[in-house]
Amino acid sequence: MRAYTFTQPRAVREAVTQAGTDTAFLAGGTTLVDLMKLDVMTPARVVDINRLPLRGIKLDRDGLHIGALERMSDVAADRNVRRDYPMIAQALQLSASAQLRNMASIGGNLLQRTRCGYFRDVSTPCNKREPGTGCAALTGINRTHAILGTSDACVATHPSDLAVALVALGTHVHLVSGRGTRTVPLDGFYALPGSTPDVENVLRPGELITGITVPRSMWAANSVYLKIRDRQSYEFALTSAAVAIEWRGRTIRSARIAAGGVGTKPWRLPAVERALTGRPATPDVFESAVRTAADGARPLPHNGFKPALLRRTLVRALTVLAESR
Amino acid sequence: MNPSDDAGRSGVSRRSVLGGGAAVAVAVPLAAGGAQAAPAAEAASVEPVTVKVTVNGEPVTVRVDPRVTLLDTLREELALTGTKKGCDRGQCGACTVHVDGRRVLSCLTLAVTVDKREVTTIEGLARGDRLHPMQQAFIERDGLQCGFCTPGQVMSAVGMVQEGHARSDDEIRERMSGNICRCGCYPSIVAAISDAQKVMR
């Protein structure tokens, strides 16, 4: 691992003052320490933020507020989260392993780096890791890669389950830097790779996530996160569906839907949401509503199964949710 | 004769040969990555950090390079080699220890972040000669073959039971999925945990 300067500030202001270009914030360390060992991330400065007061899981009339340093396992076990935002608890519970969930923070999860094997292997070209070197995944083994939001420069899948559920629920991210605080929608927080896949989000150098707010809604309590993967546990998604529905009797009044495992960022599906609005919860309606889910997809040589698997994942999530009503 | 008989008779175990257990305070900063250390000139430019940590009930002070993991500190500085280095990438669970009572991966934990915290390793589980119920159950149920993953399996299993999530075999399998056993002892591991959680309650 390369040398870095290391600090452990106790105040947020102190932390963002110490941070700048070439700085990595250390929270749970499950991504950062791994990628520093692999020489994929080589920050000149590491700022340990674990002593900052960025904790708390609070429910109020605006919604659910989660401090950036809350750990995945604690949020998954929170009674309010499980009752009012079940898809968040499920997405967390289906992520990683128990040990990693005990370590990894919510802020860090949103910044989790892709599991693309070429990104993680410094001996291969990767435009995300080293801009301009090319993309080894395009002609390499790309079974787990993205089909939506890809570009000729990058096809890396966004790895987070949590972010998929949070994007479906219209979550906002709170940020702080030396220039002050700002709040951005999580959907807009993430950037598509385009010709600059090294730019993954709107964070400025040294800017820090302090927490998130998931708005109160009529649909979050009726929600499910379904994850399809090669192993039953401890594996990233091939496809996943975060589905929340507001019911009026047997009719879908409105739906919020996002997909994981398929996009270069958590993939909201507004067309599917619209196709379900005002319709009865029947198998025919589900089948027809998800027809457009993979529109615009660019399957790669090894992941041609993903568009169909995505549609089936969505239908099953909708069915599970309708049956549990 | 098995190795523990040998150790008992001679009064020498691998651990005591290696240097004395958790109470020893070591002042030599360990370069990050253990054997695959950074070049010496680069390592020397990093300022060591003093860490006061309780390991298996004993207060310990170590000076560590801020790049060094808890795993390497336990094994190389404190001679607590029960915690195993498997993948060293957070994927296999062999390095599982408890920090402040929670099961975590010591290979992805920087030693500098456990200052003023309590670490428990596999060496801290038994009470004298009396094995922890989980260790005993792994022996009785043959929950191991080569044994390399076992310290991590046991620490993870104890953590899971303390979290209150070992009520069914399905739940045990799901919540133990972060501990890989390449000998494939999974059925016996599940049986051992199922036995032990009844005793631990």
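These numbers were taken from a predicted model, which means no experiment stands behind them. Sequence positions are assigned chain by chain, starting from 1 and proceeding in written order. Both sets of labels track the order of writing: A upward for chains, 1 upward for ligands. The predicted nature of this model means local features are confined to residues of pLDDT at least 70 and side-chain atom pairs, given and counted, to a pLDDT of 80 or more, with totals for whole chains, interfaces and linings taken over all residues. Just so you know, side-chain values use all the structure's heavy atoms and leave hydrogens and water out.

> Would you mind showing me how to read the overall build of chain A here?
Within chain A one finds 12 helices and 12 strands. For a compact globule the rule gives 2.2 Å times the number of residues to the power 0.38, and the radius of gyration it is set against comes from C-alpha atoms. Its C-alpha radius of gyration of 19 Å places chain A within 12% of the 20 Å reference for a compact globule of 325 residues. C-alpha atoms of chain A, sized along the principal axes, occupy 60 × 50 × 35 Å. Working definition: with a 1.4 Å probe on protein chains only, accessible area under 20% of the residue-type maximum means buried, over 50% means exposed, and in between means partly exposed. Scored against the burial criterion, the 325 residues of chain A give a buried share of 58%. At a minimum sequence separation of 6, the contacts of chain A that also span at least 24 residues come to 64%. Carbon and sulfur atoms provide 50% of the accessible area of chain A, an area that totals close to 13,300 Å². Per the convention used, a helix needs a DSSP run of H or I reaching at least four residues, while a strand needs a run of E reaching at least two, with both numbered from the N terminus. The criterion used for residue contact is that any of the two residues' heavy atoms lie within 4.5 Å. Every accessible area reported is derived by Shrake-Rupley at a probe size of 1.4 Å, with residue values counting cover from the shown protein chains alone.

> So what exactly am I meant to see when it comes to the overall build of chain B here?
Along chain B, the regular secondary structure elements total 8 helices and 5 strands. Counting from the amino terminus, chain B carries its helices and strands in the arrangement α-α-α-β-β-α-β-β-β-α-α-α-α. Restricting to contacts in chain B with at least 6 residues of sequence separation, those with at least 24 account for 61%. About 9,500 Å² of surface is accessible on chain B, with carbon and sulfur atoms providing 51% of the total.

> In this structure, what is going on with the domain arrangement of chain B? I would like to understand it.
Interfaces are frequently sized by the accessible area removed from exposure as the parts join. Residue and element names in this part refer to chain B. Residue ranges assigned to each domain were obtained from an automatic or database domain assignment. For chain B, the assigned domains are domain 1 (3-36 + 43-121) and domain 2 (133-200). Tallying the contact residues gives 14 residues for domain 1 and 15 residues for domain 2. Two parts lose some accessible area (1.4 Å probe) when they are put together, and adding that loss for both gives the buried area. Of the roughly 1,100 Å² buried between domain 1 and domain 2 on both sides combined, carbon and sulfur atoms contribute 54%. Salt bridges are identified by distance alone: a Lys or Arg side-chain nitrogen within 4 Å of an Asp or Glu carboxyl oxygen. Between the two partners, domain 1 and domain 2, sit 1 salt bridge. A salt bridge links Arg-103 to Glu-163; its shortest N-O distance comes to 2.9 Å. Side-chain atoms alone can form a polar contact between residues adjacent in sequence; in general such a contact is a pair of N or O atoms within 3.5 Å, and within protein one must be able to donate a hydrogen while the other accepts it. For the interface between domain 1 and domain 2, the tally reads 7 residue pairs in polar contact (both at pLDDT 80 or more).

> Explanation requested: the pattern of salt bridges in the structure shown.
Any two side chains of opposite charge can pair, on the condition that their charged atoms come close. Residues and elements named next belong to chain A. The full count for this structure, using the stated rule, is 28 salt bridges over all chains. Between Arg-298 and Asp-152 there is a salt bridge whose closest N-O contact spans 3.5 Å. With Arg-298 in the loop between α11 (283-289) and α12 (306-323) and Asp-152 in the loop between α7 (106-110) and α8 (162-168), this residue pair connects regions lying 146 residues apart in the sequence. Owing to a relative accessible area of 40%, Arg-298 belongs among the partly exposed residues under this scheme. Note on Asp-152: relative accessible area 62%, which makes it exposed. Residues Asp-187 and Lys-265 are paired through a salt bridge, measuring 3.6 Å at the closest nitrogen-oxygen approach.

> Can you walk me through the interface of chain A and chain B in this structure?
Each partner contributes to the interface: chain A provides 31 residues, whereas chain B provides 34 residues. Between chain A and chain B, a total of about 2,600 Å² is buried, with carbon and sulfur atoms accounting for 51% of that surface. When the buried area of chain A at its contact with chain B is split by residue, A:Lys37, A:Gln99 and A:Tyr234 rank highest and sum to 24% of it. Linking chain A with chain B are 3 salt bridges, by the criterion used here. Between A:Lys37 and B:Asp88 there is a salt bridge, with its nearest N and O atoms 2.8 Å apart. If you look at where chain A meets chain B, you find 16 residue pairs in polar contact (both at pLDDT 80 or more). If you tally residues by element for the side of chain A that touches chain B, the top one is helix α6 (residues 98-103) of chain A, at 5 residues. Note on residue classes: Ala, Val, Leu, Ile, Met, Phe, Trp, Tyr, Cys and Pro are nonpolar, Asp, Glu, Lys and Arg are charged, and everything else, Gly too, is polar. Each residue belonging to the side of chain A that touches chain B can be placed in one class, and the counts come to 11 nonpolar, 11 polar and 9 charged.

> Can you walk me through the UniProt feature "domain: FAD-binding PCMH-type" (unreviewed entry) in chain A in this structure?
UniProt positions are given in the numbering used here, feature names are shortened, and annotations may be inferred rather than shown by experiment. In the numbering used here, UniProt assigns the feature "domain: FAD-binding PCMH-type" (unreviewed entry) to residues 1-219 of chain A. A distance of 46 Å separates the end C-alpha atoms of residues 1-219 of chain A, which is 25% helix and 18% strand.

> Which parts of the structure should I look at to understand the confidence of the model for chain B?
For any part of a model where pLDDT is low, the fine detail of the predicted coordinates should not be relied upon. Residues and elements named next belong to chain B. In the predicted model, chain B carries a mean pLDDT of 85, and the fraction of residues at 70 or more is 78%. Every residue in residues 1-29 scores below 50 in pLDDT, and together they form 35 contacts with partners more than four places removed in sequence or on other chains. Here pLDDT means the predictor's own confidence in every residue, given as a number from 0 to 100. Per-residue pLDDT stays below 50 along residues 33-44; that stretch engages in 16 contacts with residues further than four places along the chain or on separate chains. Predicted complex, confidence summary: ipTM 0.97, pTM 0.92.

> Quick question: what am I supposed to make of the packing of aromatic side chains here?
Geometry of an aromatic ring pair is reported as the spacing of the ring centres plus the angle between the planes. Residues and elements named next belong to chain A. Between the rings of Phe, Tyr and Trp (Trp by its six-membered ring), a pair exists once the centres lie within 6.5 Å; its type follows the angle of the planes, with under 30 degrees stacked, over 60 edge-to-face, and the other angles tilted. If you walk through the whole model with that rule in mind, you get 2 aromatic pairs over all chains. On the numbers, 6.4 Å between centres and 40° between planes, the contact of Tyr-4 with Phe-6 is tilted. Assessed through its relative accessible area of 4%, Tyr-4 is described here as buried. Ring centres of Phe-189 and Tyr-190 lie 5.3 Å apart, and the angle between their planes is 80°; this geometry places the pair in the edge-to-face category. Like Phe-189, the residue Tyr-190 is buried in the burial classification. Whether a charge sits over a ring depends on NZ of Lys or CZ of Arg being within 6 Å of the ring centre and within 35 degrees of the ring normal. A cation sits over an aromatic face here: Arg-256 above Trp-219, 3.8 Å from the ring centre.

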